[in-house]
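Architecture and fold: a report
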Amino acid sequence: MRVAGILLVEDDPSVRTALELALTRQGHSVTSYATGEEALDHIRARRPEIAILDVMLPGIDGVEVCRRVRKLDQLPVILLTARGDDLDVVVGLEAGADDYVVKPVEPRVLDARIRAVLRRAESAASDRITFGDLVIDRGALKVTLAGKEIHLTPTELRLLLELVRHPGQVLNRRYLLRVVWDHTHIADSRLVDACVQRIRAKIEPRPAEPVFIHTVRGFGYRFSPP
């Protein structure tokens with residue numbers, strides 16, 4: 001079973017202790033903190049394999065921690081959000097989070113999400129794909145545009161690779177949730193939309209007028225290089 005080095009950041013002591021114990025029983029190595037400041041210090045000193053961040057942290061909140069991490073690192077991030085707080089979800093995904101789990105957290109669900117995100121981070125093929133100026137090296141997990149390296153998170157890369165595997169085909173959100181996130185609930189479709197927006201911001205010359213990833217309204221997305 002995959003053992004992960006997890007950074008858990010939750011300000012509620014009882015929730016933090018319960019999740020740390022549950023994840024440890026699942027075989028993971030967990031380091032936990034109560035604040036965003038401590039989390040950032042830990043990431044700089046000893047990078048974990050994945051970070052689990054509560055959105056509502058005192059001081060620097062989970063979304064801001066994610067945003068600061070994304071400026072320098074593609075560390076996988078899962079956010080813990082309050083039930084029904086859609087704004088937290090949207091803002092967190094736009095900040096670069098790979099996934100989210102709604103509180104109260106079911107440890108088995110969180111463990112499954114952790115493993116799914118880590119599988120996405122590890123998965124790679126050994127070939128190189130070129131679409132004009134866009135070059136995707138799946139073996140090196142590297143994307144370049146006009147010779148300039150584009151930094152994608154593991155989830156962004158996995159989604160791009162899945163779209164690239166089916167050029168010219170429309171892939172619906174439910175399919176993408178299943179193969180990229182291991183999710184089955186259509187309510188999570190905003191994961192797909194937010195991730196596509198982030199990819200477009202990085203690879204499209206004009207994100208508002210995409211030339212690589214096209215939206216097919218009412219269906220999903222199609223990768224159609226120029």
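Model, not experiment: these values are computed from the prediction. (Residues numbered from 1 in each chain as written. Predicted model: local features only at pLDDT ≥ 70, side-chain atom pairs only at ≥ 80, totals over all residues. Heavy atoms only, no water.)

This part takes up the domain arrangement of the protein. Assigned domains within the protein: domain 1 (5-126) and domain 2 (128-223). Its C-alpha centre places domain 1 at a distance of 23 Å from the equivalent point of domain 2. With 21 residues of domain 1 in contact, the opposing surface of domain 2 contributes 22 residues. Both sides of the domain 1 and domain 2 interface together cover about 1800 Å² of buried area, and 50% of this is carbon and sulfur. (Domains from an automatic or database assignment. Contact = heavy atoms within 4.5 Å. Buried area = accessible area lost by both parts, 1.4 Å probe.)

A word on the pattern of salt bridges. The final tally for this structure, using the stated rule, is 15 salt bridges. Residue Asp54 pairs with Lys103 through a salt bridge whose shortest N-O separation is 3.1 Å. Here Asp54 is found in strand β3 (residues 50-54), whereas its partner Lys103 is found in the loop between β5 (99-102) and α5 (107-122), with 49 residues between them in sequence. Looking at Asp54, the relative accessible area reads 3%, which means it is buried. For Lys103, a relative accessible area of 22% translates into the label partly exposed. Of the charged contacts in the structure, one is a salt bridge between Arg68 and Glu64, with a shortest N-O distance of 3.0 Å. Of this pair, Arg68 and Glu64 both sit in helix α3 (residues 62-72), four residues apart, which is roughly one turn of the helix. The exposure class of Arg68 is partly exposed, given its relative accessible area of 38%. (Salt bridge = Lys/Arg side-chain N within 4 Å of Asp/Glu carboxyl O. Helix = DSSP H or I, 4+ residues; strand = E, 2+ residues; numbered from the N terminus. Buried < 20%, exposed > 50% of the residue type's maximum accessible area, 1.4 Å probe, protein only.)

Looking now at the nonpolar core. Generally speaking, soluble globular proteins have nonpolar side chains that are buried together. By size, the foremost hydrophobic cluster in this structure holds 53 residues, and its most contacted members are Leu134, Leu159, Leu160, Ile213 and Phe223. Tallying contributions element by element places helix α8 (residues 189-203) first for this core, with seven residues. Residues from two domains meet in this core; each of domain 1 (5-126) and domain 2 (128-223) gives at least three. Not counting chain neighbours up to four residues away, the residues in contact with Ile213 comprise Leu160, Leu163, Val196, Ile199, Arg200, Ile203, Glu204, Tyr221, Arg222 and Phe223. With 16 residues, the next largest nonpolar core counts Ala4, Ile50, Ile78 and Leu110 among its residues. (Core = buried A, V, L, I, M, F, W, Y, C linked by side-chain atoms within 4.5 Å.)

As a further point, take unusual backbone geometry. The bulk of non-glycine residues show a negative phi, and the bulk of peptide bonds are trans. Omega for the bond connecting Lys103 with Pro104 falls within 30 degrees of zero, at -5 degrees, which places this linkage in the cis form. Take Pro104: it is sitting in the loop between β5 and α5. Positive phi outside glycine occurs at Ala146, with the angle close to 55 degrees. Of note, Ala146 is situated in the loop between β8 (142-145) and β9 (148-150).

Spatially, β10-β12-β11 is the arrangement adopted by the three strands of the open sheet, whose pairing is antiparallel. Edge positions in the sheet fall to β10 (170-172) and β11 (213-216), since each of these pairs with one other strand and no more. This sheet shows a mean twist of 35 degrees between the axes of neighbouring strands, independent of strand direction. Both β10 and strand β12 (residues 220-223) contribute to a ladder of three bridges, which runs antiparallel. By the bridge assignment for β12, Leu171 is matched with Tyr221. Set on the sheet, α8 makes contact with β11 and β12; between it and β11 the angle comes to about 145 degrees. (Pairing = 2+ DSSP bridges. Axes fitted to C-alpha atoms, helices over the stretch in contact; angles between N-to-C directions.)

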